[in-house]
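The primary structure of each chain is shown beneath.
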Amino acid sequence: MTEGICPSGWHIPSDEEFTQLTDFLGGESVAGGKMKDDVQWNGSNSSGWTGLPGGYRYSGGFDSNGDCGYWWSASESGSYSWVRLLSTTTTMSTERATVGTTAFLLVASGIKNFKL
């Protein structure tokens, strides 16, 4: 599903990679605040992620602009894909959910390939 989206040397992160990031930032109870923009949102952006509340497009309209930010992962579950969510109501956490791949228009953020 995500092949060819990113330039050479980059890729869409898997749900597992998002989990690794969340764990690295201190767990679900604090990672969201560290990933949120510190100017337009209520986060610290100490991770450098600069998550913005862009909302999503659904059935020809837009929703949650200014309230939530959604990011696709490369991980699929049947006809659904795992996404990550930052929202104003969960000020310090990340959430994950499955979303039908044809129903939503969300942000796809590539990350640079690296070796440990």
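The structure presented is a predicted model; accordingly, all values stated were derived computationally and were not measured.

(A) Expanded view of the pairing of strand 4 (residues 68-77). Here strand 4 lies mainly inside the structure; seven of its ten residues are buried. Hairpin geometry of strand 4 and strand 5 (residues 80-87) is characterised by an intervening segment of two residues between the two adjacent antiparallel strands and by a positive phi of about 65 degrees at G78.

(B) Examining the packing of aromatic side chains more closely. Applying the stated criterion across every chain, the model contains two aromatic pairs. For the ring pair F18 and W49, a centre distance of 5.9 Å and an interplane angle of 65 degrees mean the geometry is edge-to-face. Remark: W49 occurs in the loop between helix 2 (28-35) and strand 2 (56-58) and F18 occurs in helix 1 (residues 15-24); sequence separation between them is 31 residues. The exposure class of F18 is buried, given its relative accessible area of 6%. Judged by its relative accessible area of 23%, W49 is partly exposed. With centroids separated by 6.0 Å and ring planes inclined at 75 degrees, the aromatic side chains of W49 and W71 adopt a geometry described as edge-to-face. Pair noted here: W49 is in the loop between helix 2 and strand 2 and W71 is in strand 4, with a separation of 22 residues, a long-range link. A network of ring pairs unites the aromatic residues F18, W49 and W71 as a single cluster. Over the face of the ring belonging to W41 we find K36, whose NZ or CZ atom lies 4.8 Å from the ring centre.

(C) Representation of the nonpolar core. Counting residues in each nonpolar core, the largest one holds seven residues, listed as F18, L25, A31, M35, W41, W71 and L86. The residues contacting W41, other than those within four sequence positions of it, are K36, G51, L52, P53, G66, D67, C68, G69, L86, S87 and T88.

(D) Local environment of the environment of K34. By the element assignment, K34 lies in helix 2. A relative accessible area of 28% means that K34 is categorised as partly exposed. On a C-alpha basis, the gap between K34 and T22 in space is 9.5 Å, while along the polypeptide they are twelve residues apart. Setting aside anything within four residues of it in sequence, one finds K34 in contact with L25, S44, N45, S46, S47 and G48.

(E) Quick look at the confidence of the model for the protein. Scored by pLDDT, the protein comes out at a mean of 76, with 73% of its residues at no less than 70. In the model of the protein, strand 7 (residues 104-105) stands out as the element of lowest mean pLDDT, 48, in contrast to helix 1, which has the highest, 88. Counting interchain partners and residues more than four positions distant, the pLDDT-below-50 stretch residues 102-106 has 14 contacts.

Conventions and cut-offs
Residues numbered from 1 in each chain as written. Predicted model: local features only at pLDDT ≥ 70, side-chain atom pairs only at ≥ 80, totals over all residues. Heavy atoms only, no water. Buried < 20%, exposed > 50% of the residue type's maximum accessible area, 1.4 Å probe, protein only. Helix = DSSP H or I, 4+ residues; strand = E, 2+ residues; numbered from the N terminus. Pairing = 2+ DSSP bridges. Phe/Tyr/Trp six-rings, centres within 6.5 Å; stacked < 30°, edge-to-face > 60°. Lys NZ or Arg CZ within 6 Å of the ring centre and 35° of its normal. Core = buried A, V, L, I, M, F, W, Y, C linked by side-chain atoms within 4.5 Å. Contact = heavy atoms within 4.5 Å. pLDDT = per-residue confidence, 0-100.

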